[in-house]
Number of protein chains: 2
Amino acid sequence: MVHEGSAVSKQALRRIPFYLNYLRSLPEMEVQNVSAPMIAKALNLNEVQVRKDLAAISSSGGRPKTGYNASELTSDIERFLGYQNVNEAVLVGTGHLGRALLSYRGFEHYGLEIIAAFDSDESIVDQDIHGRPVFPVYKLVDLTRRLNVRIGIIAVPAEAAQQVCDMLVEAGVLAIWNFAPIHLTVPDHILVQNENMAASLAILSRHLQEMFDANESLDNEG
Amino acid sequence: MVHEGSAVSKQALRRIPFYLNYLRSLPEMEVQNVSAPMIAKALNLNEVQVRKDLAAISSSGGRPKTGYNASELTSDIERFLGYQNVNEAVLVGTGHLGRALLSYRGFEHYGLEIIAAFDSDESIVDQDIHGRPVFPVYKLVDLTRRLNVRIGIIAVPAEAAQQVCDMLVEAGVLAIWNFAPIHLTVPDHILVQNENMAASLAILSRHLQEMFDANESLDNEG
DNA sequence: ACAATATCGATAAAAACATATCGATTTCCG
DNA sequence: CGGAAATCGATATGTTTTTATCGATATTGT
């Protein structure tokens, strides 16, 4: 029995989509092989790190001096990440962010399909947004369960997020993609993936702050 | 000379906004003190970790049995992250995502203000979007430099991202918030912060894949 | 066929990060 | 006042992640 699952670290899991992206960006006709050093150079990563990541994913391994077969590696990654199955999702909250997510076609490349949206604002309900039906939020639990959907996307204000989260859990979703800037409490078996824009902003802002501080102290010394 | 800058790890930097968020969510009148264990419990983190993070940020330290003064800690964090200065940014790309970002008022809380947008589509130009002027992209370098803006936000398709990135660098920005699913090459002193939705999706999708695999192997054994 | 080279896979070392533990300090309460 | 409880700050330990190193192997060019 194979348990390749736990061989890949969380950090690796964040890099793998970049590999896939890179592979997909290559002209399929011209490039037949890719090597770890090649990917590392393109993505500005350490060569050994990439090689290790690939070793964990690739079914057939790479060949010295040549590397991996590009298309084979591509589908290995897709299989590994489960992008081959279509993962159906429901989205809650049709504000600006929710609409942006509904409008983004790129999710198809990642096997994600948003099949319905929910909103508490009754006036939006019964319209379609970018081809997806919008339902009132009181139908969320029942409908999501009947659709047998496993992913819930939360795009509501922070105040409402935990409540929506509870409903999604009750409806039987297994993973939640949370865009609300708040910590969600869930049962153990549920995965919450926070889309943490505040964290990104913090890193940005801190970077500028540090550069500012550095300049200041230079001034004070000179 | 003080160099508190490098004492905080990258991971800590990702947690700190959550602390701030939590602090801001507290009713200011009722809660005067917060402790590390209190925050840890609320955000489901390790108590020691939170304490260490706070120690690096707090100017005055905490008191045994009491913790930290909430409002003081709040402004310590804001100062640390540079949220007290207003960081002005320009945004490139006014598709669905760009518009969603322009419409989001919450950035003010993080000291970020988007003051102008750029787009290659001339028909959009000269309109305002959510109160911000939209300029043609050929004005990007000149205008951004004259506005003395230090943050650039990239919300264009992957194909155009590197080109836009180069322009932003030429215009003198110091940090780039990249929403395009592609690796950007920049000079050393420039910080690129990737908003990596693909990575989040990968983690989600892989979680489901693992649960699916686990079920399968159970079936095969029973 | 053989040497030079690029890559792989594996193992080892180093660095970053998280968690546990302990004495010291403050507050609370009897 | 004195003991119990909660928290702090610091140090030590453990874990994860990254990076370096080394021998083995496939390819290329002579």
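Residues numbered from 1 in each chain as written. Chains lettered and ligands numbered in written order. Predicted model: local features only at pLDDT ≥ 70, side-chain atom pairs only at ≥ 80, totals over all residues. Heavy atoms only, no water.

Residues and elements named next belong to chain A. With 5 of 6 residues buried, strand S3 (residues 87-92) is to be regarded as a mostly interior element. Where the polypeptide runs from S3 across helix H5 (residues 96-103) and back to strand S4 (residues 112-119), its parallel neighbour, the crossover connection is right-handed. Relative to strand S7 (residues 151-154), S3 runs parallel, the two sharing 4 bridges. By the bridge assignment for S7, Leu-91 is matched with Ile-153. (Buried < 20%, exposed > 50% of the residue type's maximum accessible area, 1.4 Å probe, protein only. Helix = DSSP H or I, 4+ residues; strand = E, 2+ residues; numbered from the N terminus. Right-handed = clockwise from strand over helix to strand, strands pointing away. Pairing = 2+ DSSP bridges.)

This paragraph deals with the protein's contact with DNA strand C. In the vicinity of DNA strand C lie 22 residues, with Arg-51, Gly-62 and Tyr-68 of chain A together with Ser-9 and Pro-64 of chain B positioned nearest. Of what DNA strand C places within 4 Å of the protein, 75% of the atoms are sugar or phosphate. For DNA strand C, a phosphate oxygen lies 2.9 Å from a polar atom in the backbone of Gly-62 of chain A. Between a phosphate oxygen of DNA strand C and a side-chain N or O atom of Arg-63 of chain B, the distance comes to 3.3 Å. (Near = heavy atom within 4 Å. Polar contact = N/O pair within 3.5 Å; in protein donor to acceptor, adjacent residues only side chain to side chain.)

As a structural note, the neighbourhood of DNA strand D is formed by 23 residues, with Arg-15 and Gln-49 of chain A together with Arg-51, Gly-62 and Tyr-68 of chain B the closest of them. Within 4 Å of the protein, the contacting atoms of DNA strand D are 73% sugar and phosphate, with bases supplying the remainder. One of the side-chain nitrogen or oxygen atoms of Arg-63 of chain A is found 3.3 Å away from a phosphate oxygen of DNA strand D. In the environment of DNA strand D, a sugar or linking oxygen lies 3.1 Å from a nitrogen or oxygen atom belonging to the backbone of Lys-65 of chain B. Mapped by element, the contributors of at least two residues to the surface near DNA strand D are helix H1 (10-25) and helix H3 (47-57) of chain A together with helix H2 (36-43) of chain B. Its residues placed into classes, the surface near DNA strand D shows 6 nonpolar, 9 polar and 8 charged. (Nonpolar A, V, L, I, M, F, W, Y, C, P; charged D, E, K, R; others polar.)

Time to look at the sheet that holds strand S8 (residues 175-178) of chain B. All names here are of chain B. With mixed pairing, the 7 strands of this open sheet are ordered in space as S5-S6-S4-S3-S7-S8-S9. Among the strands making up the open sheet, the edge pair consists of strand S5 (128-129) and strand S9 (191-194). Bridging between strand S4 (residues 112-119) and strand S6 (residues 132-136) involves 3 bridges; their strand directions are parallel. From the neighbouring strand, Phe-118 faces S6, where its bridge partner is Phe-135. Running at roughly 170° to strand S7 (residues 151-154), helix H7 (residues 158-170) makes contact with strand S3 (87-92), S7 and S8 of the sheet. (Contact = heavy atoms within 4.5 Å. Axes fitted to C-alpha atoms, helices over the stretch in contact; angles between N-to-C directions.)

Domain boundaries assigned for chain A yield domain 1 (10-81) and domain 2 (87-199). Relative placement of domain 1 of chain A and domain 2 of chain A: their C-alpha centres are 32 Å apart. (Domains from an automatic or database assignment.)

It is worth spelling out the relation of the copies chain B and chain A at this point. For these two chains of identical sequence, chain B goes onto chain A by a turn of 180° and a shift of 0.1 Å along the axis, with RMSD 0.1 Å. Such values leave the two copies arranged in the relation of a two-fold axis. Ranked by how close their C-alpha atoms come to the rotation axis, the residues of chain B are headed by Ala-100 of chain B, at 3.1 Å. A shared binding surface is used by both copies, with 97% of the interface residues of chain B retained as interface residues in chain A. (Least-squares fit on C-alpha atoms with pLDDT ≥ 70 in both.)

It is worth spelling out the pattern of salt bridges at this point. All names here are of chain B. Enumeration over the complete set of coordinates arrives at 12 salt bridges over all chains. Close ionic contact of Asp-53 with Arg-15 constitutes a salt bridge, the shortest N to O distance being 2.8 Å. Here the residue Asp-53 occupies a position in helix H3 (residues 47-57), and Arg-15 occupies one in helix H1 (residues 10-25), the gap between them amounting to 38 residues. In this structure Arg-15 comes out as buried when scored by relative accessible area, which is 16%. With its nearest N and O atoms 2.5 Å apart, the salt bridge here joins Arg-51 to Glu-47. Placement of both Arg-51 and Glu-47 in helix H3 is noted, with a separation of 4 residues, approximately one turn of the helix. (Salt bridge = Lys/Arg side-chain N within 4 Å of Asp/Glu carboxyl O.)

Residues and elements named next belong to chain A. Read across the sheet, 7 strands follow the order S5-S6-S4-S3-S7-S8-S9 without closing on themselves; strand pairing throughout is mixed. On the outer flanks of this sheet lie strand S5 (128-129) and strand S9 (191-194), each paired with one strand and no other. Relative to S4, S3 runs parallel, the two being bridged by 6 bridges. Within the sheet, the bridge partner assigned to Val-90 lies in S4 and is Ala-116. Most of the contacts of helix H6 (residues 140-147) go to S4, to which it runs at about 160°, and overall it touches S3, S4 and strand S6 (132-136).

In this section: the interface of chain B and chain A. Each partner contributes residues to the interface: chain B has 60 residues there, and chain A has 59 residues. Counting the surface lost from both chain B and chain A, the interface buries some 5600 Å², and carbon and sulfur atoms represent 67% of this. Put simply, chain B and chain A have 0 salt bridges between them. Of all the elements in the fold, those that place two or more residues in the side of chain B that touches chain A are H1, H2, helix H4 (70-81), helix H5 (96-103), S8, S9 and helix H8 (197-221) of chain B. Of the residues belonging to the side of chain B that touches chain A, the class tally is 33 nonpolar, 19 polar and 8 charged. (Buried area = accessible area lost by both parts, 1.4 Å probe.)

Another aspect to go through is unusual backbone geometry. Residue and element names in this part refer to chain B. A positive phi is found at His-130, a non-glycine position, where the angle reads about 50°. Here His-130 is to be found in the loop between S5 and S6. In this structure His-130 comes out as partly exposed when scored by relative accessible area, which is 37%. The phi angle at Asn-148 is positive, at roughly 60°, despite the residue not being glycine. Take Asn-148: it is sitting in the loop between helix H6 (140-147) and S7. Given a relative accessible area of 63%, Asn-148 falls into the exposed group.

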